[in-house]
Amino acid sequence: MATRLPPVDVLIVGFGWTGAILGQELTDAGLNVLALERGAWRDTPIDFPPTFDQDELRYYWRHELFEPLAHETLTVRNNVSETALPMRRLGSFLPGINVGGAGVHWNGQTWRFLPSDFLARSHNQSRYGAKAIPPDMTIQDWGVTYDELEPHYDKFEYLCGISGKAGNLQGAIQPGGNPFEGPRRREYPNPPLAMSYPPTLFAEAARSLGHSPFPQPAANMSRPYVNPLGVQLGPCTYCGFCEKFGCGNYSKASAQTTILPVLMKKPNFTLRTESEVIKLNYDAAAKRVVSATYVDASGQEFEQPAEMVILAAYILHNVRLLLLSGIGQPYDPQSGQGVIGKNYAYQITSSVNVFFDDKVLNPFIGAGAHGMVVDKYNGDNFDHSGLGFIGGGYIGNIQTGARPIETHPTPEGTPKWGSAWKKAVAANYLKSMSIATHGAVMSHRGNYLDLDPTYRDVYGRPLLRMTFDFTDNEHRMSDYITDRAAEIARAMNPREIKVNYRKGSWDVVPYQTTHNTGGAIMGKDPKSSAINRYLQSWDAHNLFVMGSTAFPQNPGYNPTGTVAALAYFSADAIKNQYLKSPGFLVHA
Amino acid sequence: MKAPGVHAGLTAGVGGLAIAGALALAAAFHPGLARSQGQPAPSDPGLVARGKYLTAAADCAACHTKPGGAPFAGGLPVKTPFGTILSANITPDETGIKDWTADELYRSLHEGLDDEGKHLYPAMPYNYYTLISRSDSDAIFAYLKTLTPVHNDLKRDKLPFPFNIRAFVAVWNWLFLRQGPFKPDPQKSAAWNRGAYLVEALGHCQACHTPKNFLGAPKHDDAFRGGSFAQWFAPDLTPNRRTGLGGWSRADLVEFLKTGRNAHSQATGEMGLVVADSTSQLTEADLDAIATYLTDRPASPAAKVSAPDSKVMRQGQAIFIDTCSACHQMNGEGVPRYFPPLAGDANLQQSDPTTSVHFILGGVRTTPTTAAPTPLSMPSYAWKLNDAQVAAVATYIRNAWGNSAPSVSSRQVAGIRRSLTFGPGPAGRQQHGALAHPNPETWGVAGTDSRDNGTANAGRAAPASDGSGAGRSGAENGGASKGRPAGVTAGGPG
């Protein structure tokens, strides 16, 4: 039997980026907030100090910061004709666990989506005609616009101390920035990171082809920074261990380095760790969540009532909890009806290796978002007429570091092992770089999340089942921008290049990116979406669902900037509308 | 028995101690004060607010609040040269100061006697508090009476013989206690006198920053020249340009005391607590007064330092570049207010290397304050560097970039290492408790690491070892979950 606990004003489920943001905002509004985190407490000097945070074996290969699959995993398949099998080893994506979530081991690539990204269906239809969108491509407008999110993007960028160069200040295009971005109210809080040799070469080549390369906006600090909460972030040392690692130097924005020093001290905030929510208890008649049931590390079960619940776990867990709790109608790919699990999407990536004879590139100098980027082929920044696809992606050289176990670039034709391979690695390690493409994935009728009929977790609950594959749209788009990346690579006058197209079906094994999106998407009506523009559930007015869970499809950028902007937008609506009159903020 | 004292029997046999007679005599002269009946708790809000401010200025919480414990409920082990004493409960509970009068509080501060007229041990710094004015004492009293009473019946009598005889203290007082209250120096400004009062009386800064004699009394001739305190060396506060505050402006000092950091240094360890609980709560005017007083004192004499071994310096430099330079920069200039400069740092150049070595071994956490809430920390190197390596790098940073201080030996490092205790955890993860972050609570206690052990029992938690369940308070110290050090503190001497 679950022990019933005294109620709180707000219960936050999961304590990563969005949990911390909502905790900070709602305690500011005077509410009594409790956050439950399934993992443990985690902080810089204890869990990833500079004495051992650059341990590639421990953190990347042995997954110290990632979700332990023995405790929870999901099953995967490419389409409904297959039987999904459990993912028993992390590969394609790396969800986090413990305080700070995956925001501890992210790279810090912090983007805003394009204004047209938020109008994916209506914009493409009006520019290219109704036929440009195939019948099974289930993309939707978001129900929120870039202009509405702009102040919230700005707030997150200043919270994090993003290093970058504005490309569009209140409509005026700025040299050196991204000319395609939506207008921003002011410059980034910090100047761009200092560029090492490879991004400099990439930018020169891109300019020679008429592109406008600009520094990747980075949550890695180009200088010491004090954020608006008074929290200090240290200057980046370019050690090259962001992605998959925690930062020991306080140089990468995370919940720990931006919010927690302030939030943890508030008397109206409590964080309870090692408390895993297994169900939201839903009153369908009243259309509200009454409590959450959770299990602590000793196996005790508790029921925590709350006036308001913020679902702030990772996207896959958010969707699974909604399904397990019976909140919202599960999506059915046959009929296209239902909303929970609908429009799961991912990211499509490719790369071009560039090998030099005459240039020593010191690739180990790096940071998670240290690089130069071309955005001409993202979103609808270029004319798609006759190309057979919509969407796009960015092309860039981002030197995240060349960790020794992971990084062994070899030219085409090199054996996969043996002395010739070793020789090639030794010859090329210092003299090669990679140009990456990072592409959008449009949502598709057959790509979705539901509960697995066979496999169960340690509590006996069904695992989440992921059914996903790249469609022709993604492959055409990715191949197109990969060819553009190869053009830039050739313009660098290297000895040789190696073009790595993304071929075939999505594969769960090789690491690609932890940019899973959708499953409880936002939208204009309860028929086509799970949550409204304020991230409020259509089925429970006191439930707000954070994260990339809300993305109706996945644009060609890293998601965190938009995840945070949506969280602030939602917090704003809760503070200024919901608290005054609890109920549905949008009437269907 | 009345609180807060747990009194050593004055009639205990004292054998052949020469001081025995004096003890017995001294005890006889201090009857309890007459108690006025039905004295109501003072409730003048202005008085209470002033009392709260003065209580912060006197940093009563430093000893009377145990980390993770209820405010002012006592129970903190306070180390003295003679052994460890638990601090008293000073909340208005029957196990605290419920029955105390304002007269009795003033007498305890002024003369070191408790409500029954028995001697307090000078772990209570009444030899400084004696300078506190009667009106300030009354304000503190008014504030303490408004605290939430906390029942905390402490068995406080822990000193070994003969120090467990409280009357022994009478002799100490006769030798060392110079009763106040504070007398202003008419030759000096009002700010100087205010600063002197804050530093000498309420702040009792000399309790740490002045060297002590073998009986734990301050050596007045060496006032503010630095003293040992627990596993730290509290640095020179005179205007010495190398070891003291000579390179600091008044504004630097005010910023340090207010925010816990400035362009030169960051408040950590014991001083971090002082800043958090006390100085960061003071007004700018009072902090400026403290700076006025401290900067108007004679500088300590320059120490003669023999040149370090060049081979050791080369070793130390290599270790520095490898392990320290990412934050403190190759030129030792650090990132002021984030990662403190080592070049020119006074704390590093004390003749006694205890603090330098303690930093390296234990790691260190910059105190968070309202003005600067980030607990920027340096990790522990105890598991990574051996005694010789710590000695080499400590010698290097104490003598590089124009710094100068005596070399550090492996033996010294080994001694300091022994005096520190480290929490449990796998090798390479042992951390000094100073780095534990406050506040998250964990109710469940997993006997095994049930979340990721990969066995059939994964997720099925181990049986609770000590009745965990609803209503249990959170872990006393933040981060006290599996494999995490819970409230580890520096161990006592010996």
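Residues numbered from 1 in each chain as written. Chains lettered and ligands numbered in written order. Predicted model: local features only at pLDDT ≥ 70, side-chain atom pairs only at ≥ 80, totals over all residues.

For chain B, the helix and strand inventory stands at 17 helices and 6 strands. Out of the 494 residues in chain B, the part that is buried amounts to 50%. Taking the intrachain contacts of chain B between residues at least 6 apart in sequence as the baseline, contacts between residues at least 24 apart amount to 69%. (Helix = DSSP H or I, 4+ residues; strand = E, 2+ residues; numbered from the N terminus. Buried ≥ 20, exposed ≤ 12 C-beta atoms within 10 Å, placed from the backbone. Contact = placed C-beta atoms within 7 Å.)

As a further point, take the overall build of chain A. The helix and strand tally for chain A stands at 12 helices and 24 strands. Reported as C-alpha extents along the three principal axes, the dimensions of chain A are approximately 70 × 55 × 50 Å. Across the 588 residues that make up chain A, the buried fraction comes to 59%. Of the contacts made within chain A by residues no fewer than 6 positions apart, 75% connect residues no fewer than 24 positions apart.

Before going further, it helps to spend a moment on helix 13 (residues 310-323) of chain B. Residue and element names in this part refer to chain B. For helix 13, spanning 14 residues, the distance from its first C-alpha to its last is 20 Å, which sits close to the expected 20 Å at 1.5 Å a residue. For helix 13, every residue scored as buried is listed here: Val-312, Gly-316, Ile-319 and Phe-320. The arc that holds the buried residues of helix 13, viewed along the axis, is 105°, so those residues lie on one side. Facing away from the buried side of helix 13 by more than 90 degrees, the exposed set consists of Ser-310, Lys-311, Arg-314 and Asp-322. Looking at the packing, one finds that the buried side of helix 13 touches helix 14 (325-328) and helix 16 (387-399). (Expected span 1.5 Å × (residues − 1). Arc of directions from axis to C-beta.)

Residue and element names in this part refer to chain B. Along its sequence, chain B is organised into domain 1 (20-176), domain 2 (190-294) and domain 3 (310-419). Between domain 1 and domain 2, the contact holds 18 residues from the first and 19 residues from the second. For the side of domain 1 that touches domain 2, the secondary-structure elements that each account for two or more residues are helix 2 (45-57), helix 3 (61-64), strand 1 (77-80), helix 5 (126-129) and helix 7 (168-176). Looking at the side of domain 1 that touches domain 2 element by element, the count peaks at 3 residues for helix 2. Among the residues forming the side of domain 1 that touches domain 2, the class breakdown is 15 nonpolar, 1 polar and 2 charged. (Domains from an automatic or database assignment. Nonpolar A, V, L, I, M, F, W, Y, C, P; charged D, E, K, R; others polar.)

Turning our eyes to something else, we now look at the environment of Pro363(A). Residue and element names in this part refer to chain A. Within the secondary structure, Pro-363 is located in the loop between strand 16 (348-355) and strand 17 (371-374). Through-space distance from the C-alpha of Pro-363 to that of Met-433 is 7.1 Å; in sequence the pair is 70 residues apart. Discounting chain neighbours no more than four positions away, the residues touching Pro-363 are Pro-198, Gln-399, Ala-402, Leu-430 and Met-433.

Right, let's talk about the nonpolar core for a bit. If you look at the biggest cluster of nonpolar residues, it comprises 203 residues, and the most contacted ones within it are Leu11(A), Ile12(A), Val13(A), Val309(A), Ile310(A) and Leu311(A). Counting residues per element, this core draws most heavily on helix 12 (residues 560-578) of chain A, which supplies 10 residues. Not counting chain neighbours up to four residues away, the residues in contact with Val13(A) comprise Leu36(A), Val277(A), Ala292(A), Val309(A), Ile310(A), Leu311(A), Ala312(A) and Ala313(A). Counting residues in each nonpolar core, the second largest holds 72 residues, with Ala61(B), Ala207(B), Ala267(B) and Tyr293(B) among its members. (Core = buried A, V, L, I, M, F, W, Y, C linked by C-beta atoms within 7 Å.)

Here the focus is the environment of Phe72(B). Residues and elements named next belong to chain B. Checked against the element boundaries, Phe-72 lands in the loop between helix 3 and strand 1. Phe-72 sits in the buried class, given 26 other C-beta atoms within 10 Å. As a C-alpha pair, Phe-72 and Thr-148 span 76 residues in sequence and 9.4 Å in three-dimensional space. Not counting residues up to four positions away in its chain, the partners in contact with Phe-72 are Cys-60, Ala-61, His-64, Thr-65, Ile-90, Thr-91 and Leu-147.

Turning next to the sheet that holds strand 8 (residues 214-215) of chain A. Residues and elements named next belong to chain A. As summarised here, the arrangement of the 6 strands in space is 8-17-18-19-16-22, forming an open sheet in which the pairing is antiparallel. Only two strands of the sheet have a single neighbouring strand rather than two, namely strand 8 and strand 22 (496-500). As defined by bridge partners, strand 17 adjoins strand 18 (residues 393-398) across 4 bridges and the pair is classed as antiparallel. Residue pairing in the sheet places Val-374 in a bridge with Ile-395 of strand 18. Across the face of the sheet, helix 11 (residues 472-491) comes into contact with strand 16, strand 18, strand 19 (432-439) and strand 22 while running at roughly 150° to strand 19. (Pairing = 2+ DSSP bridges. Axes fitted to C-alpha atoms, helices over the stretch in contact; angles between N-to-C directions.)

Let's shift gears to the packing of helix 10 (residues 250-259) of chain B against helix 12 (residues 284-294) of chain B. Helices that pack against each other are described as a pair by the angle of their axes relative to one another and the distance between those axes. Residue and element names in this part refer to chain B. Two numbers describe how helix 10 lies on helix 12: the axes approach to 9 Å, and their chain directions differ by 130°. As summarised for this structure, helix 10 and helix 12 are arranged oblique, according to the angle between their axes. In the packing of helix 10 onto helix 12, the handedness of the crossing is right-handed. Here Arg-250, Leu-253, Val-254, Leu-257 and Lys-258 of helix 10 lie close against helix 12, whose contacting residues are Glu-284, Leu-287, Asp-288, Ile-290, Ala-291, Thr-292 and Leu-294. The residue makeup of the contact of helix 10 with helix 12, split by class, is 7 nonpolar, 1 polar and 4 charged. (Parallel < 35°, antiparallel > 145°, perpendicular 65-115°, else oblique. Left-handed = near helix turned anticlockwise from the far one by under 90°.)

Residues and elements named next belong to chain B. With 75% of its residues at a pLDDT of 70 or more, chain B shows a mean pLDDT of 79. Within chain B, the lowest mean pLDDT, 35, falls on helix 1 (residues 20-28), and the highest, 98, falls on helix 16. Ignoring residues within four places in sequence, the model shows residues 34-40, a span with pLDDT below 50, making 3 contacts including any to other chains. Considering only residues more than four positions removed or in separate chains, one finds that residues 444-494, a stretch of pLDDT under 50, has 124 contacts. Reported confidence for the predicted complex is 0.92 by ipTM and 0.90 by pTM. (pLDDT = per-residue confidence, 0-100.)

Here we take up the sheet that holds strand 5 (residues 85-86) of chain A. Residue and element names in this part refer to chain A. The sheet built from 4 strands is open, its strands ordered 5-4-21-20 with mixed pairing. Each edge of the open sheet is held by one strand with a lone partner, namely strand 5 and strand 20 (448-456). In this structure, strand 20 lies alongside strand 21 (residues 462-467), joined through 5 bridges in antiparallel fashion. Following the sheet pairing, Leu-449 is matched in strand 21 by Met-466.

Structurally, Arg127(A) is set in helix 4 (residues 120-128). When the C-alpha positions of Arg127(A) and Ser505(A) are compared, they lie 30 Å apart, and in sequence the two are 378 residues distant.

Quick look at the pairing of strand 14 (residues 301-311) of chain A now. All names here are of chain A. Relative to strand 14, strand 1 (residues 3-4) is paired through 2 bridges, and the arrangement is parallel. Its bridge partner being in strand 14, Arg-4 is matched across the sheet by Glu-303. Relative to strand 14, strand 2 (residues 8-13) runs parallel, the two sharing 5 bridges. By the bridge assignment for strand 14, Ile-12 is matched with Ile-310. As defined by bridge partners, strand 13 (residues 288-296) adjoins strand 14 across 5 bridges and the pair is classed as antiparallel.

Moving on, we get to the packing of helix 15 (residues 354-362) of chain B against helix 17 (residues 410-419) of chain B. Residue and element names in this part refer to chain B. Following both chains from N to C, one finds helix 15 and helix 17 inclined at 65°, their axes separated by 10 Å at the closest point. Of the two elements, helix 15 crosses helix 17, and the hand of that crossing is right-handed. Packed against helix 15, whose contacting residues are Thr-354, Val-357, His-358 and Leu-361, the element helix 17 presents Gln-412, Val-413, Ile-416 and Arg-417 at the interface.

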